[in-house]
Amino acid sequence: QVQLVESGGGLVQPGGSLRLSCAASGRTFSNYAMGWFRQAPGKEREFVGRISWSGGTTTYADFTKGRFTISRDNAKNTVYLQMNNLKPEDTAVYYCAANVASRWYHGDNGWGQGTQVTVSS
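The present account deals with the structure reproduced in this document.

What counts and what doesn't
Note that residues are indexed from 1 along each chain, following the sequence as it is written. Residue-level local features of this predicted model are given only where pLDDT is at least 70; pairs of side-chain atoms are given and counted only at 80 or more, and the full residue set underlies all totals for whole chains, interfaces and linings. Note: side-chain values were computed over all heavy atoms of the structure, leaving out hydrogens and water. Pairing of aromatic rings covers Phe, Tyr and Trp, the last counted by its six-membered ring, and requires centre-to-centre distances within 6.5 Å; plane angles under 30 degrees mean stacked, over 60 mean edge-to-face, and any other angle means tilted. The helix count covers DSSP runs of H or I at least four residues long, the strand count covers runs of E at least two residues long, and both are numbered beginning at the N terminus. A ring is scored as having a charge over it whenever the NZ atom of a lysine or the CZ atom of an arginine sits within 6 Å of its centre and within 35 degrees of its normal.

**Regarding the packing of aromatic side chains**
In total, this model carries five aromatic pairs according to the counting rule given. For the ring pair F37 and W111, a centre distance of 5.4 Å and an interplane angle of 85° mean the geometry is edge-to-face. Within this pair, whereas F37 is found in strand β4 (residues 34-39), its partner W111 is found in the loop between β10 (103-105) and β11 (115-119), the two being separated by 74 residues in sequence. Here a set of aromatic residues connected by ring pairs shows up, and it is made of F37, F47, Y95, W104 and W111. When the ring centre of Y95 is taken as reference, the NZ or CZ atom of R45 above it lies at 5.0 Å. Just above the ring of W111 sits the side chain of R45; from NZ or CZ to the centre is 4.1 Å.

Written as structure tokens, this is what we have:
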């Protein structure tokens, strides 16, 4: 099977930082742009940002306001989301996906559980 697995979430205070990781199994995603998404309870999944296949280009949703940085290590088949100055509204389940044939693809088993980020005092 092909699957992406997120990790690194947890409970953090407002203003704190977390680094999420997205590891791919079953195949390499080195040749694909990768994206991060998040979904809060009762809300639809929203786009966070993306990084090109080479890592040279990144784009972000406006709410990141320079706080988030996406990077990738193709040798490790891993993508990262560094989140700084976290706010309570960042609380959500975070997912990664690969842009395959112009579609966001998480894995053969769907989007899965993601990794929970909770920002609270």
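From this point, things continue past the structure.
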